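Structure at a glance
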Amino acid sequence: MQYPIVWADTVANLQTTVSRLHEIKGQADVAVLPEMFTTGFATNRPDLAEEIDGITITTLQQTANECDLMIVGSFICKEGDKLYNRGFFIKPGGEAVFVDKRHLYAHGGENTFFTAGTTKPIVEYKGVRFRLAICYDLRFPVWLRQDKNDLYDILLVSANWPQCRIAYWDILVPARAIENQCYIAAVNPIGEDDKGLHYNGHSVAYDSHLKPLVHFADDEEGTKIADFDIEALHHFREVLPLYRDAD
């Protein structure tokens, strides 16, 4: 789902997102949202932080049930006296798995605002195994490298990646798919933030042969559905088991 984020307006962004999710009810299994989809990439707004049982997660749990979707993205989370850029996998039935962004973007002040994550769960849904990378995590291949004894099938990327560095995004996204012999779906917003940075999207999904299953053009708004053939991925890994040679 590639669309503009209204700066620092949680209610407006939730309304837009819920409406878009209902539009794909019955058509998809998983929906991927941009990083900090309710606020934009706000690194100096503790007033925007929510607890786990706040409006964002409770709204998405209800929507996951109504639309029979697993919903993935990130939001600003408060836990005790710490703040996190917290990723989530929310399954129908209310089950949620959380993963905090590991690599905090110091150039944007993120490291002084958030606490870095330490876990990297693999989440299984409908027989498919998923990992989540949150924006800047995409630059760090060791963090995303598969354990050859515990593989994942699809790497999801939830991002706020500005146009001025989009050339790196266009290379890093397929690179992570190549080295992990996995599928990848990477989602980025469009529009402006409060600092004047422009976001031009380039959301994309690739199969393990780097065939683009869906691709968004510059500043294109909308929703696209990628169909992943998991049996074909597993066959590819059997025929060419490169992951067994990993360090």
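Up top is the structure.
The structure displayed is predicted, hence computed values, not measured ones. What you see as residue numbers is a count from 1 along each chain, following the sequence as written. Under the rules for a predicted model, residues below a pLDDT of 70 receive no local features and side-chain atom pairs below 80 are neither given nor counted, while totals for whole chains, interfaces and linings still include all residues. Side-chain figures throughout are based on the complete set of non-hydrogen atoms in the structure, without hydrogens or water.

**As for the overall build of the protein chain**
Looking only at helices and strands, the protein chain features five helices and twelve strands. Just to be clear, the radius of gyration here is over C-alpha atoms, and the globule rule we use is 2.2 Å times residues to the power 0.38. Taking 2.2 N^0.38 as the reference for a compact globule, 247 residues should give roughly 18 Å; the C-alpha atoms of the protein chain span a radius of gyration of 17 Å, in line with that estimate. Overall, the C-alpha framework of the protein chain stretches about 50 × 40 × 35 Å when taken along its three principal axes. Per-residue accessibility, obtained with a 1.4 Å probe over protein chains only, is compared with the maximum for each type, and a residue is labelled buried under 20%, exposed over 50%, and partly exposed between these values. When the 247 residues of the protein chain are sorted by exposure, 53% land in the buried category. Of the roughly 10,800 Å² of accessible surface on the protein chain, 50% is carried by carbon and sulfur atoms. Positive and negative side-chain charges of the protein chain, numbering 23 and 36 respectively, have mean locations separated by a distance of 5 Å. Secondary structure elements follow DSSP: runs of H or I no shorter than four residues count as helices, runs of E no shorter than two count as strands, and numbering proceeds from the N terminus. A 1.4 Å probe and the Shrake-Rupley method give the accessible areas. Residues count as covered only by the protein chains that appear here. The positive count covers Lys and Arg only, the negative count covers Asp and Glu only, and His and the chain ends enter neither. Think of each charge as sitting on NZ of Lys, CZ of Arg, CG of Asp or CD of Glu.

**Here we look at the environment of Cys-77**
Mapped onto the elements, Cys-77 comes out in strand β2 (residues 70–79). Along the primary structure Cys-77 and Glu-192 are separated by 115 residues, whereas in three dimensions their C-alpha atoms are 23 Å apart. Whether two residues touch is decided by their heavy atoms; if any such pair falls within 4.5 Å, the residues are in contact. Residues in contact with Cys-77, not counting those within four places in the same chain, are Ala-49, Glu-50, Ile-52, Lys-82, Leu-83, Tyr-84 and Arg-86.

**Section: the sheet that holds β2**
Whether two strands pair comes down to DSSP finding at least two bridges between them. One open sheet accounts for four strands, arranged β1-β2-β3-β4; its pairing is mixed. A strand with exactly one partner marks an edge of an open sheet, and here the two such strands are β1 (30–32) and β4 (96–100). Strand-to-strand, the axes of this sheet are offset by a mean angle of 35°, without reference to chain direction. Sheet contacts for helix α2 (residues 55–67): β2, β3 (82–90) and β4; angle to β3, the most-contacted strand, approximately 0°. The convention used is that axes are lines fitted to C-alpha atoms, helices contributing only their stretch in contact, and that angles between N-to-C directions extend from 0 to 180 degrees.

**What to know about the packing of aromatic side chains**
Between 30 and 60 degrees the pair is tilted, below 30 it is stacked and above 60 it is edge-to-face, where a pair is any two Phe, Tyr or Trp rings, Trp via its six-membered ring, whose centres lie within 6.5 Å. Using the criterion set out here, one finds seven aromatic pairs in the structure. A ring pair is formed by Phe-37 and Phe-88, whose centres lie 6.1 Å apart and whose planes are at 65°; its orientation type is edge-to-face. Remark: Phe-88 occurs in strand β3 and Phe-37 occurs in the loop between β1 and α2; sequence separation between them is 51 residues. A residue is classified by how much of its surface remains accessible, and Phe-37, at 0% relative accessible area, is buried. For Phe-88, a relative accessible area of 0% corresponds to the buried category. With a centroid separation of 4.7 Å and 70° between ring planes, the pair formed by Phe-113 and Phe-114 is classed as edge-to-face. With relative accessibility at 13%, the residue Phe-113 sits in the buried group. Overall, the relative accessible area of 5% leaves Phe-114 in the buried class. Three or more aromatic residues joined by ring pairs make a cluster, and in this case those are Phe-37, Phe-75 and Phe-88. Placement of a charge over a ring requires the Lys NZ or Arg CZ to be within 6 Å of the ring centre, with the centre-to-atom vector within 35 degrees of the ring normal. One cation-aromatic arrangement involves Arg-86 over Tyr-84; the distance from NZ or CZ to the ring centre is 4.7 Å.

**Description of the side chain of Asp-137**
Along the polypeptide, Asp-137 turns up in the loop between β6 (128–134) and α3 (141–144). Buried charge Asp-137 goes without a salt bridge, the closest partner of opposite sign being Lys-101 at 6.5 Å. As used in this structure description, the phrase polar contact means that two N or O atoms lie within 3.5 Å; if the pair is within protein, one of them must be able to donate a hydrogen and the other to accept it, and residues adjacent in sequence are counted only when both atoms belong to side chains. A distance of 2.8 Å separates polar atoms of two side chains, one belonging to Asp-137 and the other to His-103. The working definition used for a salt bridge is a side-chain nitrogen of Lys or Arg within 4 Å of a carboxyl oxygen of Asp or Glu.

**A closer look at helix α5 (residues 230–239)**
Turning to α5, its buried residues number three or more, namely Ile-230, Leu-233, Phe-236 and Arg-237. The buried residues of α5 occupy one face: seen down the axis, they fall within an arc of 115°. Across α5 from its buried face, at more than 90 degrees, point the exposed residues Glu-231, Glu-238 and Val-239. Among the residues of α5, the N-terminal cap falls to Asp-229, whose side-chain oxygen and the backbone nitrogen of Glu-231 are separated by 3.2 Å. Regarding the arc, it is the one traced by the directions from the helix axis to the C-beta atoms.

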